[in-house]
Amino acid sequence: MKKLLSIALALCLTLTATAALAAGKLNVVQEDFHVVGTSYVYGHAYAKVENSGDKPIKINSGVLEIYDGDGNPITSVDYMNAYARYLAPGEYTYVRMSSDIAEGQAANVSDYMMTLAGKSDNSTHDLRLPVETAISLGEGDKWYTRNYIYATVTNNTENPLYSISVVLAVLDAEGKIVYIDDDSLYSDRALMPGSSMIIRKDISTSFMDYFAANNIVPTTVDAIAYVEIEKE
């Protein structure tokens, strides 16, 4: 399946023949698309995006469009999950967009386009925390098994941290993004200084069935743990 991803920067820049103003710039490192489900079918678009510019930038909005073989639109959505969305120069993050596909249309899906818009923004930054990951498939016994992904997050600051969020991207051996999940402590729980916690998420059955049917092997997990902090 052909994969397309366009990046539109919502920045007002004045360029000359000799120089350009400094700015953040979104660059796609990896993108993947999966059509998953039987009774209820969804198209899932994933992207790993970095700021290759020299100023902070925020992933501000996105649109996912899914097409049939003739280029006709099947569905579209403008809701996105952009994790650790405030990117300093050189930082990367993950974006997930999903749209349901009408009954009988799954077989017609042929193409997609995800368009992301960035906005210059230095009012907030994402404090990133150390995180270690693991994946464990088939935990349990012959009667019932679970497929877990783990993120161990450490508070390496001197203060209690509330509202810690984590995004976990599952990759195959070639580095393709095959699944994304997330979790958060929200504002009523804090991780104490020097402490660690383990976040465990279960890969959904519909995705495990999709992996088996398409010879996809989840291999590693890349995670980002962060707290959004407004600058004073």
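Residues numbered from 1 in each chain as written. Predicted model: local features only at pLDDT ≥ 70, side-chain atom pairs only at ≥ 80, totals over all residues. Heavy atoms only, no water.

## Thoughts on the sheet that holds strand β17 (residues 196-202)
Pairing is antiparallel across the open sheet formed by three strands, whose spatial order is β11-β12-β17. The outermost strands of the open sheet, each flanked by one partner alone, are β11 (131-140) and β17. Across the sheet, the mean angle from the axis of one strand to that of its neighbour is 20°, orientation sign disregarded. Pairing between strand β12 (residues 145-154) and β17: seven bridges, direction antiparallel. Its bridge partner being in β17, Ala151 is matched across the sheet by Ile199. (Pairing = 2+ DSSP bridges. Helix = DSSP H or I, 4+ residues; strand = E, 2+ residues; numbered from the N terminus. Axes fitted to C-alpha atoms, helices over the stretch in contact; angles between N-to-C directions.)

## A few points about the side chain of His44
You can see His44 is positioned in strand β3 (residues 41-51). A polar contact of 2.7 Å, which involves the side chain of His44, links it to the side chain of Ser98. In this structure His44 touches Asp32, Phe33, His34, Val36, Met97, Ser98 and Phe207, once residues within four positions along its chain are discounted. (Polar contact = N/O pair within 3.5 Å; in protein donor to acceptor, adjacent residues only side chain to side chain. Contact = heavy atoms within 4.5 Å.)

## Quick notes on the pattern of salt bridges
By the definition in use, this model includes six salt bridges. Among the salt bridges present, the one from Arg146 reaches Asp202, with a minimum N-O distance of 2.4 Å. One end of the pair, Arg146, is in strand β12; the other, Asp202, is in strand β17, with 56 residues separating them in the sequence. With relative accessibility at 28%, the residue Arg146 sits in the partly exposed group. (Salt bridge = Lys/Arg side-chain N within 4 Å of Asp/Glu carboxyl O. Buried < 20%, exposed > 50% of the residue type's maximum accessible area, 1.4 Å probe, protein only.)

## As for the layout of surface pockets
The computed volume of the second largest pocket comes to approximately 290 Å³. Surrounding the second largest pocket, 16 residues form its lining, Ala82, Tyr83, Ser165, Tyr226 and Glu228 being those nearest its centre. Counting only elements with at least two residues in the lining of the second largest pocket, the list comes to β6 (81-82), β14 (165-171), β15 (177-184) and β18 (220-230). Split by residue class, the lining of the second largest pocket holds eight nonpolar, four polar and four charged. (1 Å grid on protein atoms, 1.4 Å probe; cavity = no way out; pocket = protein on both sides within 12 Å on 5 of 7 lines; lining within 4 Å. Points joined across faces, edges and corners; volume = space filled by probe spheres on them. Nonpolar A, V, L, I, M, F, W, Y, C, P; charged D, E, K, R; others polar.)

## A look at the nonpolar core
Ranked by internal contacts, the top residues of the largest apolar core, which has 37 residues, are Ile164, Val166, Tyr179, Ile180 and Phe211. When residues no more than four places from it in sequence are discounted, the contact partners of Phe211 are Val178, Tyr179, Ile203, Ile216 and Pro218. Within the second largest apolar cluster, 21 residues are counted, among which are Val49, Ile57, Ala82 and Leu116. (Core = buried A, V, L, I, M, F, W, Y, C linked by side-chain atoms within 4.5 Å.)

## A look at the confidence of the model for the protein chain
In the predicted model, the protein chain carries a mean pLDDT of 90, and the fraction of residues at 70 or more is 91%. Taken as a whole, residues 1-20 scores under 50 in pLDDT and shows 45 contacts with residues more than four places along the chain or in a different chain. (pLDDT = per-residue confidence, 0-100.)

## Considering the pairing of β3
Among the eleven residues of β3, eight are classified as buried, and the element is accordingly described as predominantly covered. Judged from the ten bridges that link them, strand β2 (residues 26-36) and β3 form a sheet pairing that is antiparallel. Within β3, the position partnered with Val35 by the bridge is Gly43. Taken together, β2 and the strand that follows it, β3, pair antiparallel across an intervening segment of four residues, in which Gly37 is found at a positive phi of about 125°.

## Side note on the packing of aromatic side chains
Enumeration over the complete set of coordinates arrives at six aromatic pairs. A ring pair is formed by Tyr210 and Phe211, whose centres lie 6.1 Å apart and whose planes are at 55°; its orientation type is tilted. Put simply, the rings of Tyr179, Phe207, Tyr210 and Phe211 touch in pairs and so form one group of aromatic residues. Over the aromatic face of Tyr92 sits the side chain of Lys48, whose NZ or CZ is 4.3 Å from the ring centroid. (Phe/Tyr/Trp six-rings, centres within 6.5 Å; stacked < 30°, edge-to-face > 60°. Lys NZ or Arg CZ within 6 Å of the ring centre and 35° of its normal.)

## As for the sheet that holds β2
Strand order in this open sheet of four strands is β2-β3-β8-β6, and the pairing throughout is antiparallel. A single partner strand is all that each edge strand has here, and the edge strands are β2 and β6. Sheet analysis places β3 next to strand β8 (residues 92-101), joined by ten bridges and oriented antiparallel. Bridge pairing in β8 links Lys48 to Tyr94. Running over the sheet, helix α1 (residues 205-213) touches β2 and β3 and is turned about 90° from β2.

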